[in-house]
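# Remarks on the overall topology
What follows is each chain in one-letter form.
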Amino acid sequence: MRHSMSVLLKPTSSRCNLDCTYCFYLSKQSIYPWSGRPSMSIETFETFLRQYIPMSAPHLSFLWQGGEPTMMGLPFFEAAVEREVAVARELISGPMPPLNNAIQTNATLLDEDWARFFKQQRFLVGVSIDGPPEWHDRFRVDPVGRPSHDNVMRGVEHLKRERVPFNVLSVISQSNVDKPRELLRWLVDQGFHDLQFIPCAEPAEGCRSVAEGGTSPESITPGQYGIFLTELFDEWINVGVEKVRIRWFDNLIQMLWGYPSEMCELAENCGYIVLEHNGDCYPCDFRVEEDWLLGNLHDTPLDQIVEGEMFARFNQVKSKLHANCQKCRWKTLCYGECPSYRIVNTGETEHSLPYFCGSFIDFFGESYDRMEEWAVRLGKTRGLAVPPGQMSPALRTSVPARPVRVQLDRRLPAVKRAKVGRNDPCPCGSGKKVKRCCGDRVLGV
């Protein structure tokens, strides 16, 4: 059976050269002690390839994360890419599908050799940066407390020099949550235009949930995050929605076009495979716990792991919503958010409200109408007939917008010869005037 799904590879487990105080994955050394220097062997990676490629081809994506994956060293990744190609050629008949590699890194170990490799092998790189030094270095330090910002920016310069495509991930913590406009402007000023923001929410040390003992010092409140999202959205519009890509907003716009979210936290269902360095598999990197161990691919083939009872049970968790979610106006833009934030909030995943529920209610209540307007406007630029006017989120997300670009392109020569005016019916067939629809492409205005 084919299963085209994402697999997150953890070649160094939680092992990292930084000691970010808010990092949830550092605690996984209780399962995979650093004293054993956890490292994925090329043999384990090949075992994974031989099980994953037949199961997922032609959609083959390799997402490298940590810890800090570059601690494996460049020779490992060179060998890994060679093995990807060799095994794919052996197992796939017909044209070779694209092999897509992405890596999330703190960038402190990057040099010109790494950058050249990423460019040659067409890696998509994600770099973790929390803003200028005074914000970034508050929590992103090395094991002896030294700041990391200068080393990160040095690594970024290597990527820029080799023209490696990369995006930036910023954790929103107490260091930067009150400065959304300044943060976005700073990132744009550095030339960063593909952005992702992740809110920090961790229970206090020794506690399983916020309900049990409050939050960690780095964590933000739901009220703070609601304001952050609202002001960030406003500033995104000011900076230019076509100039800067913000993944969370992009996914919401896509959902308002009637298409599913690519982000699991906003999707109706969630679950992917996390492959630890030794072949152990889990359904999510937030759930790398003994209770959620799906199996080891050296003992159980990956397709059986994916078809297993435990993975199916995890896939059903998100749909078990709290009663407030079931009747919430914003349900189809959230679906109860990431189950891990339910655990953070109450210690339970099923029928529980997520920690940032109030943030979303505040944000959508303040910004939905403008986001709806932008969904209609952006849909036009992408050749989609998105219904104008005001609609409920449930209605907007229920029917995919239809493409009109092919129809318009076919008629465009005749349109130009006829000198269609701004107030004439649009040739795309929407029933609206040209100036209210595809005017930019028909008239060049």
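Everything below is about the structure printed above this text.
The paragraphs below set out a description of the structure included in this document. Because the structure is predicted, anything quoted here is derived from the model rather than measured. (Residues numbered from 1 in each chain as written. Predicted model: local features only at pLDDT ≥ 70, side-chain atom pairs only at ≥ 80, totals over all residues. Heavy atoms only, no water.)

This part covers helix H5 (residues 149-161). Think of an α-helix as 3.6 residues a turn; residues three or four steps apart then line up on the same face. If you check H5, its first and last C-alpha atoms are 18 Å apart, about what 13 residues at 1.5 Å a residue would give, namely 18 Å. Turning to H5, its buried residues are His149, Val152, Met153, Gly155, Val156, His158 and Leu159. Contacts made by the buried residues of H5 are with helix H3 (112-120), strand E4 (124-128), helix H4 (133-139), strand E5 (166-172) and helix H6 (180-189). Backbone geometry just downstream of H5 places Arg163 in the positive-phi region, at approximately 55°. (Helix = DSSP H or I, 4+ residues; strand = E, 2+ residues; numbered from the N terminus. Expected span 1.5 Å × (residues − 1). Buried < 20%, exposed > 50% of the residue type's maximum accessible area, 1.4 Å probe, protein only. Contact = heavy atoms within 4.5 Å.)

Glancing now at the sheet that holds strand E7 (residues 245-246). In spatial order, the strands read E7-E6-E5-E4-E3-E2-E1-E8-E9-E10; together these 10 strands make up an open sheet with mixed pairing. Strands at the two margins of the open sheet, each flanked by one partner only, are E7 and strand E10 (295-296). For E5 and strand E6 (residues 194-199), the ladder comprises five bridges, and the chain directions are parallel. In the strand pairing of E6, Ile172 is matched with Pro199. Relative to the sheet, helix H1 (residues 42-56) contacts strand E1 (7-10), strand E2 (60-64) and strand E8 (273-276), its axis offset from that of E2 by approximately 140°. (Pairing = 2+ DSSP bridges. Axes fitted to C-alpha atoms, helices over the stretch in contact; angles between N-to-C directions.)

Phe48 and Trp64 are the most contacted members of the largest nonpolar core, which has 106 residues in total. Leu8, Tyr25, Tyr32 and Tyr272 belong to the second largest nonpolar core, which has 11 residues in total. (Core = buried A, V, L, I, M, F, W, Y, C linked by side-chain atoms within 4.5 Å.)

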